[in-house]
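Summary of structural features
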Amino acid sequence: MAGGPPATAAGTPLSRSDALPVAPGVTYGEFRMTLPRGVVHGHLLTVDLGDPRVSVDLLYPGVVGARAPVSRLAAARGAVAAVNGDFFHITETQHPGVAATGAPDGPAVVSGRQLKAAVPDGQRFGPVLPPGASTEDVLGVGYDRRARLDRLTLHGVALTPEGGLPLRGLNQYALPVDGIGAYTPQWGPVSRERAVCGTDTERAAPCSTDTAEVTVRYGRVTAIEDTPGAGGVAAGSVVLVGREEGARQLRKLHLGEPLRVGYRLAGEGPVPLRFAVGGFPIVRDGRPAAGLDTVAVAVRTAAGIAPGGRVLYLLALDGARGQTGLTVSELGVLMADLGSEEAMNLDGGGSSTLVTDDGTGDGVVVRNHPSGGAERPVANGVGIFSFG
């Protein structure tokens, strides 16, 4: 990071190390700053998307409902660097007997393949969203190789001979009240029971008892059940889960009836996203977003985008004992001062992890100290690839 612009957080200068090359188009460095409450130690990746050898993609354990450490996710894909990604369904204490799925809150796109849509805002895990933010918000990179913040909205339908049933979920751990969600083989074997628990505004609300599940295989209804099930979805199949009015509509279907399922995640940008991961915006137009939390101090992970979308900053704070973290508001100031035109807060606390290639050919190493003392298995991550 030598020669970069001086960066500050809450008016405090950073002490920055020289940038070290990780791979063509990717550098790594560290910084420290002293606040009245203690020392903040951070780790920063700078990624040049203008370099044709460099790309960004989602890291995930192979199915949506699963978790793995960032280092393992990066090694499995051959990434030269990575940070953890979205907030996720980490516990399920509010509904005893219902399993936590490990699935992320927001939309996810890997290599242009749309994996999942966003849970209702009231069902998410993580800090309270700032004004105007949504679980549909994503960090993405388009087919134009430019990074941007966007919002991905699900458009889908289950088409029957009597008409279309709108889809309001795709491979997500919580469905909207009255909604129908589609679960594909990418969901994995974890139970779909959690999908009908809570409401759009209250995660702890009881699980619905008015539910239905329909299996569609190669375009025909092959099973109709009263409750969501578990086990993997077979290739060539889609499972539809409904609650309340959605369940009542599914119960009108008949075995053997033809049914086609179609869906897409639509963004607001002009170019489709090849990669996307959920989070919430903390910098817009080069300034910290309004209404960011100024109280809770934590170890944090963030992604920033330089003007033009060709440079991506990935930051993770260090969770070693004796060091302090940042509030979301302070993180917004820091990301803006590092040169971000836009920035997103990703999952933090014990999830915050930054890894890079160790330069010896033996794979990646964890550069920060996760605050829990060891890497936490997470739902997904932002992977950096460089070939050359």
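The structure presented is a predicted model; accordingly, all values stated were derived computationally and were not measured.

Parameters and conventions
Residues numbered from 1 in each chain as written. Predicted model: local features only at pLDDT ≥ 70, side-chain atom pairs only at ≥ 80, totals over all residues. Heavy atoms only, no water. UniProt positions renumbered as here; feature names shortened; annotations may be inferred. Helix = DSSP H or I, 4+ residues; strand = E, 2+ residues; numbered from the N terminus. Buried < 20%, exposed > 50% of the residue type's maximum accessible area, 1.4 Å probe, protein only. Pairing = 2+ DSSP bridges. Axes fitted to C-alpha atoms, helices over the stretch in contact; angles between N-to-C directions.

1. Points about the UniProt feature "domain: Phosphodiester glycosidase" (unreviewed entry) in the protein chain
The residues that UniProt annotates with the feature "domain: Phosphodiester glycosidase" (unreviewed entry) are residues 211-385. As a span, residues 211-385 carries 9% helix and 39% strand, and end to end its C-alpha atoms are 43 Å apart.

2. Some thoughts on the pairing of strand β22 (residues 280-284)
Two faces belong to every sheet, and in a regular strand the side chains alternate between them. For β22, a buried count of 4 out of 5 residues is recorded, marking the element as mostly surrounded by other parts of the structure. Relative to strand β26 (residues 342-346), β22 runs antiparallel, the two sharing 3 bridges. Each residue of the ladder has a partner; that of P281, found in β26, is M344. Bridge count for β22 against strand β23 (residues 287-288) is 2 bridges, and the pairing is antiparallel. The residue of β23 that forms the bridge with R284 is R287. Counting the residues that bridge the hairpin from β22 to β23 gives 2 residues, and of these D285 lies at a positive phi of roughly 50°.

3. Describing the sheet that holds strand β14 (residues 163-166)
Spatial strand order, β14-β13-β20: 3 strands in an open sheet with antiparallel pairing. In this open sheet, the two edge strands, each paired with only one partner strand, are β14 and β20 (260-266). Averaged over all pairs of adjacent strands, the angle between their axes in this sheet comes to 25°, without regard to strand direction. Of the pairings in the sheet, the one linking strand β13 (residues 153-160) to β20 comprises 7 bridges and is antiparallel in character. Opposite A158, over in β20, you have V261 as the bridge partner.

4. Details of unusual backbone geometry
You will see that R145, though not glycine, has its phi angle at about 65°, which is positive. By secondary structure assignment, the location of R145 is in the loop between β11 (137-142) and β12 (147-151). A positive phi angle, close to 50°, is found at E244, a residue other than glycine. Topologically, E244 is positioned in the loop between β19 (237-243) and α2 (245-250).

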